[in-house]
Amino acid sequence: MLAFTIYLSFAGALLLAIMPRAWARAARVFALLVAVAGFAVGVAGFIQSRGQASDAIADLAWVPQMGIHYTLAADGISRVLVLLTGLAAVAGILFSWNIGDAEGDRANEFFAFFLALIGGVYGVFLSVDLFLLFVFYEIAIVPKYFLIAIWGSTRREYAAMKLALYSFAGSAMVLIGLLAAYAQAGGHTMNLQALAQYPFPVSFQMWAFPLVFTGFAILAGMWPFHTWAPTGHVAAPTAASMLLAGVVMKLGAYGCLRVAMTMFPHGLDPWGFSLLGIGSWRTVFALFAVIGILYGAAVALVQNDFKFVIGYSSVSHMGLVMLGLLTLTQIGIDGAVLQMFSHGILAGLLFATVGRIVYVRTHTRDLGGLSKLQLGKAMPFAAAVFVIAGMASMGLPGFSGFIAEVQVLIGAWRSFPWFATVAGVGIVVGVAYTWRAMQRAFFSDVKMLDTQGVAVPVPEYGPVTWPEIAGTILLAGTSLLIGLYPRLLLDVISPAVQALPHALLTGGR
Amino acid sequence: MNILVNYSSLFAITLPETILEVVSLLVLVVDLAWLRKTAQATRMATACMLGVAGSVLAILWLIAHPASMSFAGGALVVTPLVAAVQIGIVLLTALVLLLSIKAEFSRNPGEFVAIVLLATTGMMLVVAARDLLIIFVALELLSLSLYALTAFAKNSAQSAEAALKYYLFGGMSAALMLFGFSYLYGLTGTTNLSQMTYALSGSQLPLAVVALVLVAAGLGFKIAAVPFHLWTPDTYQGAPAPVAALIASGSKVASFALLVAVTDGIVASPSSGSGNRTWIVLLIAMAAGSIVLGNLAALAQTSVRRLLAYSAIAHAGYMLLGIAANTPVSGAAVIYYALTYALTTVGAFGVIAIVERATGSDRFDAFAGLSKRNPLLAATMLVFLLSLAGIPPLVGFWAKFNLFAAVLRAPNTASWPLALVVVALAASAVSLYYYLQVLKRVYVVKSANTEPMPVSLVELATLAAIALAVLLLGIFPGLLSAWIPLG
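Quick caveat, the model's predicted, so the values are computed rather than measured. (Residues numbered from 1 in each chain as written. Chains lettered and ligands numbered in written order. Predicted model: local features only at pLDDT ≥ 70, side-chain atom pairs only at ≥ 80, totals over all residues.)

J.: Describe the overall build of chain A, and please don't skip the residues or the numbers.
T.: When helices and strands are tallied, chain A shows 21 helices and four strands. Against the 2.2 N^0.38 benchmark of 23 Å for 509 residues, chain A shows a C-alpha radius of gyration of 22 Å, consistent with a compact globule. Oriented by its inertia axes, the alpha-carbon framework of chain A measures out at about 80 × 55 × 40 Å. Counting only residues that meet the buried cut, chain A has 62% of its 509 residues in that class. Restricting the contact set of chain A to residue pairs at least 6 apart, pairs at least 24 apart contribute 80%. (Helix = DSSP H or I, 4+ residues; strand = E, 2+ residues; numbered from the N terminus. Rg over C-alpha atoms; globule rule 2.2 N^0.38 Å. Buried ≥ 20, exposed ≤ 12 C-beta atoms within 10 Å, placed from the backbone. Contact = placed C-beta atoms within 7 Å.)

J.: Explain the overall build of chain B residue by residue, including any values.
T.: In terms of helices and strands, chain B carries 20 helices and two strands. Against the globule reference of 23 Å for 487 residues, chain B gives a C-alpha radius of gyration of 21 Å, in line with a compact fold. Sorting the 487 residues of chain B into buried and exposed places 61% on the buried side. Taking contacts inside chain B between residues at least 6 apart in sequence as the whole, the part at least 24 apart equals 80%.

J.: Lay out helix α14 (residues 330-362) of chain A with the relevant residues and their values.
T.: Residue and element names in this part refer to chain A. Its 33 residues give α14 an end-to-end C-alpha distance of 46 Å, which sits within 8% of 48 Å, the value for a rise of 1.5 Å per residue. At Ala352, α14 shows its maximal kink, close to 30°. The element α14 is extensively covered by neighbouring structure, given that 28 of its 33 residues are classed as buried. Looking one or two residues past α14, His363 carries a phi angle of roughly 60°, positive in sign. (Expected span 1.5 Å × (residues − 1). Bend = angle between axes of the 7 residues up to and from the residue.)

J.: Tell me what's going on with the environment of Ser393 of chain A, and back it up with residues and numbers.
T.: Inspection of the secondary structure puts Ser393 of chain A in helix α17 (residues 380-393). Separated by 150 residues in sequence, Ser393 of chain A and Leu243 of chain A place their C-alpha atoms 17 Å apart.

J.: Outline the interface of chain B and chain A, listing residues and values.
T.: Contacts between chain B and chain A engage 26 residues on the former and 25 residues on the latter. Per-element tally for the side of chain B that touches chain A: the top contributor is helix α19 (residues 416-443) of chain B, with twelve residues.

J.: Quick rundown of the confidence of the model for chain B? Include the residues and the values.
T.: Residue and element names in this part refer to chain B. Here chain B averages 89 in pLDDT, while 95% of its residues score no lower than 70. This model gives residues 270-274 a pLDDT under 50, and the stretch forms ten contacts once residues within four places in sequence are excluded. Predicted as a complex, the structure gets a pTM of 0.93 and an ipTM equal to 0.91. (pLDDT = per-residue confidence, 0-100.)

J.: Now, about the packing of helix α17 (residues 375-389) of chain B against helix α20 (residues 457-475) of chain B: what can you tell me, with residues and values included?
T.: Residue and element names in this part refer to chain B. It is at 9 Å that the axes of α17 and α20 come closest, and there the two elements cross at 35°. Where α17 crosses over α20, the handedness of that crossing is left-handed. Along the contact surface, α17 presents Leu376, Leu377, Thr380, Val383, Phe384 and Ser387, while α20 presents Leu460, Leu463, Ala464, Ala467, Val470 and Leu471. Among the residues forming the contact of α17 with α20, the class breakdown is ten nonpolar, two polar and no charged. (Axes fitted to C-alpha atoms, helices over the stretch in contact; angles between N-to-C directions. Left-handed = near helix turned anticlockwise from the far one by under 90°. Nonpolar A, V, L, I, M, F, W, Y, C, P; charged D, E, K, R; others polar.)

J.: Describe the confidence of the model for chain A, naming the residues involved and giving the relevant values.
T.: Summing up the model confidence of chain A, the mean pLDDT is 89 and the portion of residues at 70 or higher is 99%. When the elements of chain A are averaged for pLDDT, helix α16 (residues 375-378) of chain A gives the smallest value, 79, and helix α9 (residues 202-219) of chain A the largest, 94.

J.: I'd like a rundown of unusual backbone geometry, residues and numbers included.
T.: Cis geometry marks the peptide bond from Trp223 of chain A to Pro224 of chain A, where omega comes out at 0°. Relative to the helices and strands, Pro224 of chain A resides in the loop between α9 and α10 (228-235). In this structure, the amide linkage connecting Val226 of chain B to the following residue, Pro227 of chain B, adopts the cis form with an omega of 5°. Locating Pro227 of chain B in the fold gives a position in the loop between α9 (206-223) and α10 (231-238). With a phi angle near 60°, His363 of chain A is a residue other than glycine that sits in the positive phi range. Along the chain, His363 of chain A falls in the loop between α14 and α15 (367-370). His363 of chain A sits in the exposed class, given 8 other C-beta atoms within 10 Å.

J.: So what's going on with the packing of α10 of chain B against helix α14 (residues 304-325) of chain B? Residues and values would help.
T.: Residues and elements named next belong to chain B. Running from N to C, α10 and α14 point in directions that differ by 140°, and their axes come no closer than 8 Å. Here α10 lies oblique to α14, going by the angle between them. Of the two possible hands of crossing, α10 and α14 adopt the one that is right-handed. Packed against α10, whose contacting residues are Thr232, Pro233, Tyr236 and Gln237, the element α14 presents Arg305, Arg306, Leu308, Ala309, Tyr310, Ala312 and Ile313 at the interface. A per-class count over the contact of α10 with α14 returns seven nonpolar, two polar and two charged. (Parallel < 35°, antiparallel > 145°, perpendicular 65-115°, else oblique.)

J.: I'd love a proper account of the nonpolar core, names of residues and values included.
T.: If you look at the biggest cluster of nonpolar residues, it comprises 413 residues, and the most contacted ones within it are Ala253, Met322 and Leu323 of chain A together with Val126, Val127, Ile335 and Leu385 of chain B. Sort the elements by how many residues they give to this core and helix α15 (residues 328-359) of chain B lands first, with 20 residues. When neighbours within four sequence positions are excluded, Ile335 of chain B is seen to be in contact with Leu81, Val85, Phe256, Ala257, Val260 and Ile484 of chain B. (Core = buried A, V, L, I, M, F, W, Y, C linked by C-beta atoms within 7 Å.)

J.: How would you explain the pairing of strand β2 (residues 68-75) of chain A if you had to name every residue and give the values?
T.: Residue and element names in this part refer to chain A. When you tally the buried positions in β2, you get six out of eight residues, the bulk of the element. Taken together, the eight bridges between strand β1 (residues 54-63) and β2 define a ladder with antiparallel strand orientation. Residue pairing across strands places Leu60 opposite Tyr70, the latter belonging to β2. (Pairing = 2+ DSSP bridges.)

J.: Kindly report on the environment of Val259 of chain A, identifying the contributing residues and their values.
T.: Residue and element names in this part refer to chain A. The topology assignment puts Val259 in helix α11 (residues 238-263). Taking the C-beta count within 10 Å as the criterion, Val259 has 26 such neighbours and is therefore assigned buried. With 50 residues separating them in the primary sequence, Val259 and Phe209 have C-alpha atoms 9.3 Å apart. Excluding residues that lie within four positions of it along the chain, Val259 makes contacts with Leu130, Val212 and Phe216.

J.: How would you explain the environment of Ile89 of chain B if you had to name every residue and give the values?
T.: All names here are of chain B. Inspection of the secondary structure assignment puts Ile89 in helix α4 (residues 80-99). Each C-alpha atom, one on Ile89 and one on Met123, is 7.4 Å from the other, the two residues being 34 residues apart in sequence. If we ignore the near neighbours within four places in the chain, the residues touching Ile89 are Thr120, Met123, Met124, Val127, Gly250, Val253 and Ala254.

J.: Go over helix α21 (residues 487-498) of chain A, please, and point to the residues and values.
T.: Residues and elements named next belong to chain A. Over its twelve residues, α21 runs 16 Å from end to end, which matches the ideal 16 Å to within 8%, given 1.5 Å per residue. Three or more residues of α21 are buried, namely Leu489, Leu490, Val492, Ile493, Ala496 and Val497. Looking straight down α21, one finds its buried side chains confined to an arc of 165°; they lie on one side. Counted as exposed and oriented over 90 degrees from the buried face of α21: Arg487 and Asp491. Buried-residue contacts for α21 involve β2, α3 (76-94), α14 and α20 (466-484). (Arc of directions from axis to C-beta.)

See below:
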């Protein structure tokens, strides 16, 4: 049943692509309907399969001569991420409701690319056959390029090309690893489960693992391969930023866990020698993750473009996801998956506030400029939304981010006590940059003075529209729901994590 | 070599070629006898449609008679795979002719179509030939036709220049190849590839090395592999668009099919353990050079034709990897790659021809705003270029996957396959940049000129059909497996 998320999205994209240009308003209503339908299918599949470990969805021979099958299945991790994708799609369309208002917006093309991207993302989360997974993974690259290059802002062509090349380079690395594994295992199957059973020689895993892991980690925004992320997020139109941070970066983290770590668990083993205290790929990548957490937070602290603050905070939060995965503990991986969900929602909400609710009205994202506008008074709705999203994002109890971060830190404490400490510092810096951005953008008491030195009255901005309210309620409500009742997701995630290869749950011992 | 020639079996084996030759004469007669006074456009359309009809006839014959035949002790061989390649080549020619219906570069449409059909005959013979002499004659028929076609735009200085460069390089490399062939004959006492396998296997004589280098130069020229690629950019840029499409498609397919057969003949199969290392080393060197140089040089281009020329060099490099792996599976994968690549390239040149007609240029700027000026044309260009870049679910991705999987699965203890597949995939990540440079003009950059771009129905339908085929073959890669075996 979950397979219909994929089919609906691609069918919707196709119809939008051939829809006449004049039907811009109809296009966005149609896109919203498709996204809602996809989300509904995701929710229904989630409810229906509660308590089941993993359900096979489809299994058809595709290229049987080469052992390639069209195999879809969903375990708990996939189901949660499908749910996230549905939420992000619906919210993304709600927050781009202004596209199609003006002549020449090319609204139907925008929503066609948007739904094609969503379809690819659904496909990655549901694929069990690695060939299929890779096909969907690459399908998601091209729409990103066009969404940013056509509808983006600051240095959009540069950012779009950078993002596309980083993604493609990463997927080339993944493809090398997959092809080598396929050939090594005799060229009979591309099924993930079957390949995970195959005893690849340790020497093979030792080079294939870092290659595939890095390939996926590029898309997850892992330091030092993160540089596409801030520029891409900033240049992208709001809905695309929401998708990039919300689900596309999760594709990378998901690939790291589902493909690299599951197929080559011995790639995480110690090398047998240690260089500067680093003795395995696991430590190398955990170190990268921790540096990402701290570096992203520190850079976010000094940004003046509001979107860059959120962009670098994404790098920081994704570092937490990667750290959680590499703890190789049940609680750490649980936390990482939950953090994927939580960050997907909250980053979406933050980008929506900055890029849609504030920017469309003020036409600036410069914190210095915003601080003179008294937005706390002029735009109480935006201020309230940002406070909620910011609080949730910095890990305030009661919101989804808290549970996830605590779990990751507990797992990290067991596996890498030093890294856990540094990650904790990163989270504190996270509080600081969120606070700073909030204070400067919304609650600054600098007044804008005119030439005579008299305070200019607070300007009037357009009213808050219903799609903005609906999108906000959807995202903030979900974060609160998960924060208050995390078992809703954790009960589904934990069994799936338990079912991972045993080597991934040993804490590295 | 005292073989009694059985002419009826020769006729049976070359009937499709004969059909094309008869039609090419027919085209000349019809054009000269009845159409001299009619409008130029009518003459071109009639000639092209006659050529298409002949191609269809030849294809139908090939499909209806799927026999395995051999002539004169294996000098000409038709196997199901050879027949599949021949069908592909004739189909490509038919598509090129359909896309030339509106072409205005020539005042002699009858001669143009006739020579295109002769070139196609040459390609088909190249694919079937297994004897050095027949290979050489067939290659010369193909090459001489292509030189003439390149110069066909008589009012264009570029066309003449391109033809001269193509001819000089081609003549030189043909001479080298013939020289190499003569050494091979001297060394082995046979001109037949299948007997050569045995005689040459394991031979490391210096003379054998010289002979193989000379043959590699000749074949490397035909497939535009580094360092024999220098003619490619100028010819692709200067030749009339349909001719460039023909050089990039059918001629490439035929040359790669020949290379597969020659490699099979020169190198004993790797399972026998005593392959001729020299030939494999030459192939690997050409492959690595083509992949790296083709992709890097393409980055700097601002003319779409030259960009496609360098990308053709890069694609030749990928295919050479499959030939160097030298297994039946990798040979089939190369042929699959060559055919689908050729199909995509014909489509891309079709779009270029239409844009050139409307704007007078093939530079990046000419493509600006194409998505506004003609959305369907833009969409087909999107499909073609993304397929060349190897993005799924288009056939270019599947062809690459199939090829590289075959290379890695070759029973070979050497480490070059993995190393070169890594280079190839890294380079193909680079290639996305230059393909996106064109697509950026098509979809992102706004153009001052937003008038609809005129396209004839035949052209648009042909391009849409090619794009659809590229998409469907990518989604259902098994569609061709009846003709070209997969892994």
